[in-house]
Amino acid sequence: MNEMYYNNQQPFNNVYAYARVSSSDQNEARQIAAFEQLGIPKEHIYLDKMSGKNFDRPAYRKLLRKLKKGSILYLKSLDRLGRNYEQILKEWRHINQEIGADIVILDMPLLDTRSHKDLIGTLISDIIIALLSYVAQTEREMIHARQAEGILEAKKRGVKFGRPPAVLPANFSAIYFKWKRKKITANTAASLCKCSRSTFYRFVKTYENSLTVKLSQKAE
């Protein structure tokens, strides 16, 4: 076993890893494999499947409660910690300086707090973290901006976004007026329309909007 993964001569009992993917359909296998290759136990690997826009993540919060002075925390890359560079700096300093745990970024060997204990080393780490975090956040904002621009251009071309308009059942008018006069319940009305209760209410909104349009057209 490589001695770098020992902590105070006690293997792995104070060594942890954190992995994150942005959504449930993304694959975290590459991150987990890197940690397992180091020999970190599965029960010491924490995984969140959610956005990195903030640190309100269940697995991450559990991990923080486990960390203590002398712990070692491994991450595959800095952006797995988060996306907002100001928050990343704050969390990094909280873990490293307030808790007293070391952080190792596998894809960036310079970001290994075990090797930089002096003031200059800390300054170098802070500069690198700030730079990489800023680049990650800027890239994320640019992606969102391009997406917004793409949606705007598509709308100009007549592309429709969102839920398609509700198609009312052929017998909806009769069912609607029975429900409106409280002769049947919403559950019964939904059953007669062969849809869920929420869909029935969506049908109601669509139908009532169409009635309003027709009345306004007649008034004109």
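Everything below is about the structure shown above.
As the structure is a computational prediction, the values presented were derived from the model and not from experiment.

Undergrad: Please clarify how the overall build of the protein chain should be interpreted in this entry.
TA: Counting secondary structure elements, the protein chain contains 7 helices and 6 strands. Mapped from its N terminus to its C terminus, the protein chain presents α and β elements in the order β-β-β-α-β-α-β-α-β-α-α-α-α. With 220 residues in all, the protein chain has 37% of them scored as buried. The long-range share in the protein chain, meaning contacts at least 24 apart out of those at least 6 apart in sequence, stands at 64%. Summing over all exposed atoms, the protein chain offers an accessible surface of approximately 14,100 Å²; the carbon and sulfur share of this is 54%.

Undergrad: Sorry, what's going on with the sheet that holds strand β6 (residues 102-105) here?
TA: Sheets are built from strands paired through backbone hydrogen bonds, the pairs being either parallel or antiparallel. Overall, parallel pairing links the 4 strands, which are arranged β4-β3-β5-β6 in an open sheet. The open sheet is flanked by β4 (45-49) and β6, the only strands paired with a single partner. Each strand of the sheet is rotated relative to its neighbour by a mean of 20°, with strand direction disregarded. Docked against the sheet, helix α1 (residues 29-38) engages β3 (15-21), β4 and β5 (72-75), running at close to 165° with respect to β3. Helix-sheet contacts for helix α2 (residues 58-66) involve β3, β4 and β5, and the interaxial angle to β4 is about 155°.

Undergrad: Mind showing me how you'd approach the environment of asparagine 14 here?
TA: Counting through the fold element by element, asparagine 14 comes out in the loop between β2 (10-11) and β3. Looking at asparagine 14, the relative accessible area reads 7%, which means it is buried. Considering only alpha carbons, one finds asparagine 14 and glycine 70, 56 residues apart in sequence, at a separation of 7.4 Å. In this structure the side chain of asparagine 14 is engaged in a polar contact, spanning 2.6 Å, whose partner is the side chain of serine 71.

Undergrad: What exactly am I supposed to notice about the pattern of salt bridges here?
TA: Oppositely charged side chains can pair when the atoms bearing their charge come close. In total, this model carries 5 salt bridges according to the counting rule given. One salt bridge in this structure joins arginine 80 and aspartate 79, with 3.1 Å as the shortest N-O distance. Between arginine 114 and aspartate 112 there is a salt bridge, with the nearest N and O atoms lying 2.9 Å from each other. The class of aspartate 112 is buried, set by a relative accessible area of 9%.

Undergrad: Just checking my understanding: could you explain the environment of aspartate 107 for this structure?
TA: When you line up the elements, aspartate 107 lands in the loop between β6 and α4 (119-156). Given the relative accessible area of 41%, aspartate 107 is considered partly exposed. Aspartate 107 sits 31 residues away from lysine 76 along the chain, and the two C-alpha atoms are 5.9 Å apart.

Undergrad: I tried to follow the nonpolar core on my own but got confused; where do I start?
TA: A general trend in soluble globular proteins is that nonpolar side chains are found buried together. With 22 residues, the main nonpolar core has Leu67, Leu73 and Ile95 as its most contacted residues. Counting 13 residues, the second-largest nonpolar core is a separate cluster that includes Tyr176, Ala186, Ala190 and Val204.

Rules behind the numbers
- Residues numbered from 1 in each chain as written.
- Predicted model: local features only at pLDDT ≥ 70, side-chain atom pairs only at ≥ 80, totals over all residues.
- Heavy atoms only, no water.
- Helix = DSSP H or I, 4+ residues; strand = E, 2+ residues; numbered from the N terminus.
- Buried < 20%, exposed > 50% of the residue type's maximum accessible area, 1.4 Å probe, protein only.
- Contact = heavy atoms within 4.5 Å.
- Areas by Shrake-Rupley, 256 points an atom, 1.4 Å probe, with all protein chains shown as cover.
- Pairing = 2+ DSSP bridges.
- Axes fitted to C-alpha atoms, helices over the stretch in contact; angles between N-to-C directions.
- Polar contact = N/O pair within 3.5 Å; in protein donor to acceptor, adjacent residues only side chain to side chain.
- Salt bridge = Lys/Arg side-chain N within 4 Å of Asp/Glu carboxyl O.
- Core = buried A, V, L, I, M, F, W, Y, C linked by side-chain atoms within 4.5 Å.

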